[in-house]
Structure formats: structure tokens, C-alpha cells
Amino acid sequence: MAAIRNLFLVPLAFALGVAGQSQPPPKYDLLLRGGHVIDARNKISAVRDVAIAGGKIAAIDARLDPADALKTVDVSGLYVTPGLVDIHAHTYTGTGERASYAGDNSVSPDGFTFRVGVTTVADAGCAGWRNFEDFKQRIIDRSKTRILAFINIVGNGMRGGAYEQDLSDMEAQPTADMARKYPGLIIGVKTAHYNGPEWAPVERAVEAGTMANIPVMVDFGANKPERPLADLVTKKLRPGDIYTHMYSGLRGELDPSGHVNAGMIEGRKRGVIFDVGHGGGSFLWRVAVPAIKQGFTPDSISTDLHIGSMNTGMKDMLNVMDKFLAMGLSLDDVIAQSTWHPAREIKQDGLGHLSIGATADVAVLRVEQGHFGLVDMNGARMDATQRLMCELTVKDGKVVYDLNGISRPDWQTLPAGYGPIGDGRWDGLNPARGTTPGTQRGRGAAPAAAPTRGGR
Ligand SMILES: [Zn+2]
């Protein structure tokens, strides 16, 4: 009741110009109450209340007082995790270039992220140093999703065959220079899709990564005997560099006897990171199941989201996570592999956890029980008994997705003629006018947006 009362009284108080006269503002903008928190960095897997203020995690405890919060949402029975971090996505769309990941093969990120709990993606090398700033102004700066980027070692980025096979456009210096121009935004160097026998793409990516002090992510392209996978992960990559598409089976990830490539085991011992990168052509049950049985679990789970994966076996981040639950990993591990681990891999220590003072990116997830099916890149299905659904996503302290309206009042409890009734301090969807910092009050100026009513 306290939450509902506050919801109405605070905007009204502002409207009447009496804010601050009756009582001090609430300590917290948003309180997520009664959920099971999974926070790998802080080693929490228990029922906790999570409070948010000013876009940051303000408190986390077994019980926090709703009277201290402007808005309280009951999330009991649900899992509260850091906003998911997907470090392999393709989002440089809108250029009009056909058959190009710097164009039509990429997707507009906001359509694929908040609805599955993802608050941060790392674009996996769609742009190189020549077109990174176009990507930035076209997509990164205009999206609600937090977009970070691996910069491609190819100056033209992933514009297709002719560009991506051009060794003369793979230069470490300008790549590193661009990365250093945007620290914290360009978080790695990507090399991908190379079909030749040379090591040069990997070597130059590592050179650029060393200059800019960021990791390299490798899509190892064609399988070539001149540059075996074992040499890549035991000799060429540095500790902290990332091998993506680990369960593709395309480059000898399993040896002919069905065992995990001995080089990958050795590479992991050296500190090389192994990432899923499911995509449209990089995840097979016949590779992943034996690898997991042999203990070769992913360091990080990622989608490789693009137009060729979005509607096939991959679908979305939660569907990829479901696959690892179906293969027997614990929910705690799967969440760690989708939050703190990837954040740490790209050196974004402020993301992927719920420490006090951290950016308040939060996913509220439901584990559904039932009969489900999960599909790999070749169209083979594994049956599953549970799947993850995203109920609520919070980015920078504001609700940006709410499947079933759990942060919303029943319309029948509202005054006749109600308008937008959220508050800009917690609501990123329907804030009442005037309550979002920087906006002007204009009562009745816009029709009320229909609250999103979830349904499956
Ligand atoms: Zn990719």
C-alpha cells in the first residue's frame, strides 16, 4: 500500500508545488522486493531486497523497508540478476549495404535486448577504424541498449568477402588509435571470417589489442591446417583473449574421438577465454553435449545475434541460456556466464553485478516449467523442461521492459481519465510528464500510452 500511496502522492505534490514541505523524498527510487538474487561477483544466491537510487544500486539486504522507496515492485518467486551482458551481437544496421554486417545483416539492438533481460551488448566487430564513428553516431549514440564494441582489425569492418579477406586493410596502428580514442566504448579487437592460411589477421589483432590494452575476440574463419586451433589458443592468443564459437565444431573443437581438443584445454589453463557465440552456424548439440559432459563449460554465453540467427535455433539470449540449463548447468552458473563473467572479460568491472554503487542494470527472470524444445544450428532439437522468461528489465535504475505489468497499478484503481502515472525516477516507459528530469510539465498534452500487458 505504501508504494501505491507514494506513486500518487509524489507527482501530485510536485504538481501543487508543495514538494518537500511535508516529508523528505524517499531514500530509494525503486525497490525490488522478495526476489531470489543471483550475483556471481558478490557470491549471492539468496532471497534479497534490492534498492535503487539515482540509477545506482543503493542497498541489498534480506529486508528493506518499502516506506523508504518511491516505488516498490513485488518480485517474489522470481530471480533478480544483473542486467544480462551479451558480448557477441551484430548491430551496425541502417547503412543500406546489402549482405553486410555493416548493413543489412545486423539488427537494431533495442528490438532484441530489454525483452530478454539484456542491458549491454558488445558489437562483435561490425565496424573497423574506417567506419567505427559512423557506427557510433548511427547506432551506438541513438540506442537505449548500452552498446560497446569490438573494433574489427579490418579497417572496413564486416562489409563482406572482398573486404574481410583484404590483408592490406588489417592494420594494427589505426585500429589501436581508434580504440584509444574511445576507451570504455571500444572494449576489444575482433578478427573474423578469414579464409586464408595466414596468421596475419590474428597477429595484427593481438598487436592492436596489446597497444590499446584490450582483449581480442577471434572468429577463426575457415579451418586451415596451416593455422590449427590448438596453436591459436596455446601460442597466438594472450591470456584474456576470447575464442568465440566454442561449440561450432567447425575448426576441430572436438577431436575425431569425440574429446575436447587438447589445445583448448591447454589454452584454458593459459587463461584464454571460451565464449559461446551461438549464431546461425556456431552451435551443435553433438559438440556441446560431449564437451559439457567432459567439463568444458563456457566462460561466457553470448548470442551472435544477427538476421541469420534471430529466427533460427538461436532466437535470443534467454534461449541460448536455456540450452545450458538443459545440458545440466546450474542456474547460478548460467547467470554468472551471462553477467559477471562477460563483463569481466571485456574489463567492464562496473557491469554485471549488483554491488552497492554499481550501475542499476537489473533483469527479473522467471523459470517456467513445462515441455519446451531447443534447436541447434543444424535444426536438431533437444527437449527441455524449463525455460527462462524475462518479467522486468531495469537499465540505469529505470524500468525499460515489463512483460506483465508487475510495476503497474490495476487500471480500475486509477482515477477516471488517468494519464501517464509513472515517475521518471524509476519509470523509463510511461513517466508522468514533468517528473522526468529535464522535461516540462504539460498536463493532458498527450494521450495516455496503453500499458504493456504481457501475454504469451
Ligand atoms: Zn558474429
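Read on for an overview of the structure. (Residues numbered from 1 in each chain as written. Predicted model: local features only at pLDDT ≥ 70, side-chain atom pairs only at ≥ 80, totals over all residues. Heavy atoms only, no water.)

### Focus on the overall build of the protein chain
Point 1. In terms of helices and strands, the protein chain carries eleven helices and 15 strands.
Point 2. Here the analysis covers contacts within the protein chain between residues at least 6 apart in sequence; of these, 72% occur between residues at least 24 apart.
Point 3. Of the roughly 18,500 Å² of accessible surface on the protein chain, a fraction of 51% belongs to carbon and sulfur atoms. (Helix = DSSP H or I, 4+ residues; strand = E, 2+ residues; numbered from the N terminus. Contact = heavy atoms within 4.5 Å. Areas by Shrake-Rupley, 256 points an atom, 1.4 Å probe, with all protein chains shown as cover.)

### As for the environment of W426
Point 1. Considering the arrangement of structural elements, one finds W426 in the segment after β15 (398-402).
Point 2. Judged by its relative accessible area of 1%, W426 is buried.
Point 3. For the pair W426 and L70, spaced 356 residues apart in the sequence, the C-alpha separation amounts to 8.3 Å. (Buried < 20%, exposed > 50% of the residue type's maximum accessible area, 1.4 Å probe, protein only.)

### Looking at the packing of helix α6 (residues 229-236) against helix α7 (residues 262-270)
Point 1. As a packed pair, α6 and α7 sit with axes 8 Å apart at the nearest point and diverge in direction by 15°. When the axis of α6 is compared with that of α7, the two are roughly parallel. Handedness of the α6/α7 crossing: left-handed. Along its contact with α6, which presents L229, A230, V233, T234 and K235, the element α7 presents G263, M264, E266, G267 and R270.
Point 2. Its residues assigned to classes, the contact of α6 with α7 comprises four nonpolar, three polar and three charged. (Axes fitted to C-alpha atoms, helices over the stretch in contact; angles between N-to-C directions. Parallel < 35°, antiparallel > 145°, perpendicular 65-115°, else oblique. Left-handed = near helix turned anticlockwise from the far one by under 90°. Nonpolar A, V, L, I, M, F, W, Y, C, P; charged D, E, K, R; others polar.)

### Things to note about the pattern of salt bridges
Point 1. Per the stated rule, a full pass over the model turns up 22 salt bridges.
Point 2. Between R251 and D219 there is a salt bridge, with the nearest N and O atoms lying 3.6 Å from each other. Taken together, the positions of R251 in the loop between β11 (242-243) and α7 and D219 in the loop between β10 (216-218) and α6 put the pair 32 residues apart, joining distant regions of the chain. Here R251 matches D219 in class, with each residue buried.
Point 3. A salt bridge links D231 to K235, with the nearest nitrogen and oxygen atoms 3.4 Å apart. Within this pair, D231 and its partner K235 are both found in helix α6, separated by four residues, close to a single helical turn.
Point 4. Here D231 falls in the partly exposed class, since its relative accessible area comes to 24%. (Salt bridge = Lys/Arg side-chain N within 4 Å of Asp/Glu carboxyl O.)

### Quick word on the sheet that holds strand β7 (residues 118-128)
Point 1. Reading across the sheet, the seven strands line up as β6-β7-β8-β9-β10-β11-β12 and stay open at both edges, with parallel pairing between neighbours. The strands lining the two open edges of the sheet, one partner per strand, are β6 (84-89) and β12 (273-274).
Point 2. Here β6 pairs with β7 via four bridges, running parallel. For V85, the partnering residue across the bridge sits in β7 and is T120. (Pairing = 2+ DSSP bridges.)

As far as function goes, none of this settles anything; it's purely spatial.
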